[in-house]
Amino acid sequence: MEKMINKDVEKQLRQVFGAMKEDITLVLFTQEGECYSCEETKQLLSEVAELNPHISFVEKDIHKNADEASKYNVELTPSFVVLDKEGNYRGVKFNGFPGGHEINSFISALMELSGNASEVSPEIAARIAKIDKPVNIKVFVTLSCPHCPGAVEKAHKLAMLNKNIEGEMVEAQTFYDLSTKFNVSGVPKIIINDTLELVGNQPIEAFLTQIESL
Amino acid sequence: MFNFTIQPAFTERVNVDESKVYEILIIGGGPSGLNAALYASRKGRDVAILAKRVGGQLLNTSSVENYLGKDGSSGEELTEAFRSHVESLKVPILEDAEIRKLEKTDGIFHVLLGDGRRFKGKTVILNLGTTNRKLNIPGEDTFASKGIAYCAICDAPLYKGKDVLLAGGGNSAVEAAIDVAKVAKTVTVIHRSEFRADKILVDKLYEMKNITVHLQTQILEAVGDQRLTGVRVLDKRTMEERIIHGDGLFIEIGNDPNTSLVKDLVDLNASGEVIVDNKARTSLEGLYAAGDMAETPYKQIIIAAASGAIAALAANEYLNTI
């Protein structure tokens, strides 16, 4: 099969991944039969896993492994989570193919969870630590949106820093029904606990202000 | 779907230092901020960039056809070329920086970020850019993100096979119409006067079979139910009102300068732009403004970049005198 990652991109990725310190696991959920972009996502993740020994990749069927899917609140296909070195789910999830611009939030999640966590200011860290109820953040994106990875990275960062928070990318075209349900007509669109919404690549403070109002 | 656009920023990040006083602190990461950093760094100045996002509005441009020597680059390719040039000089860049406050005390500029961090500079070059102008019509807020969009390259995929309306008549509007028409079923361009866009672009627009144009037509209201379903317009030639239906409305009618941060600090003109002299100096000593937020005619990438160079050279000159 023809490689999805060309030589140029491969070289860049190998260089970026060179800074990985800890093992991570990509767990992808797919299903038999019709599944838009399942094959492509599987191919991308397996090619990425070949680029660095710290990355493992497993594929699961969402129906045959229903228990595991529910453990990570996975309800869509393709959907994948990134687990840390201890195999813990840290609330980092991608629904749909993370290509185009979204490769950046994908790389960022891999780097952050493999021991290259970026710092947040003490003020923000304190606000994140205080969140004590379950928070789900969906970030709707298109693959041609340069502002979207930033919003996804922030949702994931919040998730990594507080176990009550889950952050998920949702590729708007792949999950058309979900996009329609949340009236997605501009991206990035951020939906918090299915009720609150933000539009645009908002600063992490804006996420927190919404979350604190829950 | 299968193209990947990797930002190089993951590899070598130089951190902006909170403890030191930079000679030149650059706020904003668009063409003017990046070019200011290049010029300042080459003068040997200690310089850093605080940016919401590197590239700024340039990122929203699918194809740049009027930057000398770079015909047909995407806004993103041009951004990355600018960025890597600046990063090759080890200029620290902080992204996702939301500036909460800028003040000058005892001859030093203090920049406070939304996340509580503080940075200092002997001089500051502002390149805050502009924000998409709104139509300011009834229904615009109601349907914001329910059919109204401001970023054509971001949101065009959401309108695949749909009927799209587009407001505006300048270069960005015409470029956006052409981009959206590649995926949408139809695009209807609505503009209150005549096209201001470059002739070369307008010619291209008229070549697209699925684009309809209504000039001398003013949008009065965005209408719809749960989502936008169309706009009520006034045909200024016949003075008749009617509804034009569409599943989405892209607004590309120009930009307003982002000057709320400095409106009490420096003099602004009637359009809200920062007043600068021919060396990019604002009314506050040591504070410079460049790019689209400054009172320079014609908002173009190459002009923004050039104004950043002027600001950096002027700041360098000023630093020699203090």
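Residues numbered from 1 in each chain as written. Chains lettered and ligands numbered in written order. Predicted model: local features only at pLDDT ≥ 70, side-chain atom pairs only at ≥ 80, totals over all residues.

With respect to the overall build of chain B
For chain B, the count of helices and strands is six helices and 17 strands. Counting only C-alpha atoms and orienting by the principal axes, one finds that chain B spans roughly 65 × 45 × 35 Å. The buried share of chain B, reckoned over its 322 residues, is 48%. Sequence separation of at least 24 residues holds for 63% of the intrachain contacts in chain B that already meet a minimum separation of 6. (Helix = DSSP H or I, 4+ residues; strand = E, 2+ residues; numbered from the N terminus. Buried ≥ 20, exposed ≤ 12 C-beta atoms within 10 Å, placed from the backbone. Contact = placed C-beta atoms within 7 Å.)

A word on the overall build of chain A
Across its full length, chain A holds eight helices and eight strands. Relative to the globule expectation of 17 Å for 214 residues, the C-alpha radius of gyration of chain A, 16 Å, shows essentially globular dimensions. C-alpha extents for chain A along the principal axes are approximately 50 × 35 × 35 Å. In chain A, buried positions account for 47% of the 214 residues. Of all intrachain contacts in chain A linking residues separated by at least 6 positions in sequence, the fraction that spans at least 24 positions is 73%. (Rg over C-alpha atoms; globule rule 2.2 N^0.38 Å.)

A closer look at the domain arrangement of chain B
Along its sequence, chain B is carved into domain 1 (8–131 + 255–319) and domain 2 (148–251). For domain 1 of chain B and domain 2 of chain B, the distance between their C-alpha centroids amounts to 32 Å. (Domains from an automatic or database assignment.)

Comments concerning the interface of chain A and chain B
On the chain B side, the residues contacting the 37 residues of chain A number 31 residues. Of all the elements in the fold, those that place two or more residues in the side of chain A that touches chain B are α1 (7–17), α4 (103–113), α5 (122–129) and α8 (204–212) of chain A.

Examining the pairing of strand β14 (residues 240–245) of chain B
Counting buried positions over the six residues of β14(B) gives zero, only a small fraction of the element. Linking two consecutive strands that pair antiparallel, namely strand β13 (residues 228–235) of chain B and β14(B), is a turn of four residues; a positive phi of about 60° is found at B:Met239 within it. (Pairing = 2+ DSSP bridges.)

Thoughts on the pairing of strand β5 (residues 108–113) of chain B
Residues and elements named next belong to chain B. Burial along β5 is one-sided: Phe109, Val111 and Leu113 are buried, and none of Ile108, His110 and Leu112, which face the opposite way, are. In this structure, strand β4 (residues 99–105) lies alongside β5, joined through six bridges in antiparallel fashion. Within the sheet, the bridge partner assigned to Lys101 lies in β5 and is Leu112. Between β4 and the antiparallel strand that follows it, β5, lie two residues; Asp106 among them carries a positive phi value of about 50°. One ladder, built from four bridges, connects β5 with strand β6 (residues 118–126); its direction is antiparallel. Within β6, the position partnered with Val111 by the bridge is Phe119. If you look at the hairpin formed by β5 and β6, you'll find four residues sitting between the two strands, and Gly116 has a positive phi there, around 100°.

Some words on the sheet that holds strand β11 (residues 211–214) of chain B
Residue and element names in this part refer to chain B. Pairing is parallel in the open sheet, where five strands are placed in the order β8-β15-β9-β10-β11. At either end of the open sheet lies a strand with only one pairing partner, and these are β8 (148–149) and β11. Of the pairings in the sheet, the one linking β8 to strand β15 (residues 248–251) comprises two bridges and is parallel in character. The partner of Ala149 across the bridge, within β15, is Phe250.

Description of the confidence of the model for chain B
Low pLDDT means the predicted atomic positions in that stretch should not be read closely. Per-residue pLDDT for chain B averages 94, and the proportion of residues at 70 or more is 97%. Taken over the whole predicted complex, pTM reads 0.91, whereas the ipTM for its chain interfaces reads 0.85. (pLDDT = per-residue confidence, 0-100.)

Considering α8(A)
Residue and element names in this part refer to chain A. Considered for burial, the residues of α8 that qualify are Ile204, Phe207 and Ile211. One side of α8 holds all its buried residues, which, seen down the axis, span an arc of 55°. If you follow the buried residues of α8, they end up packed against α5, β5 (135–141), α6 (148–161) and β7 (189–192). (Arc of directions from axis to C-beta.)

Digging into the environment of B:Tyr39
All names here are of chain B. If you trace the backbone, Tyr39 turns up in helix α1 (residues 31–42). On the basis of neighbour count, Tyr39 is assigned to the buried category, with 22 C-beta atoms found within 10 Å. Counting along the chain gives 142 residues from Tyr39 to Ala181, while the straight-line C-alpha distance between them is 40 Å. Once residues within four sequence positions are removed from consideration, Tyr39 is found in contact with Ala309, Ala312 and Leu313.

Here we look at the environment of B:Gly121
Residue and element names in this part refer to chain B. Examined against the element boundaries, Gly121 turns out to sit in strand β6. With 27 C-beta atoms packed within 10 Å, Gly121 lands in the buried category. When the C-alpha positions of Gly121 and Ala48 are compared, they lie 9.1 Å apart, and in sequence the two are 73 residues distant. Setting aside residues no more than four positions away along its own chain, Gly121 makes contact with Val21, Tyr22, Ile24, Leu25 and Phe109.

Observations regarding the packing of helix α4 (residues 171–181) of chain B against helix α5 (residues 199–207) of chain B
When two helices pack together, their arrangement is given by the angle between the helix axes and by the axis-to-axis distance. All names here are of chain B. Axis separation between α4 and α5 bottoms out at 10 Å; the angle between their running directions is 30°. As the angle between them shows, α4 and α5 are arranged roughly parallel. The way α4 lies across α5 gives a crossing that is left-handed. Contacts between α4 and α5 involve Asn171, Val174, Glu175, Ala177 and Ile178 from the first element and Leu201, Val202, Lys204 and Leu205 from the second. (Axes fitted to C-alpha atoms, helices over the stretch in contact; angles between N-to-C directions. Parallel < 35°, antiparallel > 145°, perpendicular 65-115°, else oblique. Left-handed = near helix turned anticlockwise from the far one by under 90°.)

Thoughts on the domain arrangement of chain A
All names here are of chain A. Taken domain by domain, chain A holds domain 1 (7–113) and domain 2 (122–212). Placing the centre of domain 1 and that of domain 2 at their C-alpha centroids yields a distance of 19 Å. Each side of the interface is counted separately: domain 1 has 23 residues, and domain 2 has 21 residues. Of all the secondary-structure elements, those providing two or more residues to the side of domain 1 that touches domain 2 are β4 (89–95) and α4.

Quick notes on the sheet that holds strand β12 (residues 217–224) of chain B
The strands making up a sheet are joined through hydrogen bonds of the backbone, oriented either antiparallel or parallel. All names here are of chain B. In spatial order, the strands read β12-β13-β14; together these three strands make up an open sheet with antiparallel pairing. Every other strand in the sheet has two partners, leaving β12 and β14 as the edge strands with one partner each. Within the sheet, the average angular offset between the axes of one strand and its neighbour, ignoring direction, is 25°.

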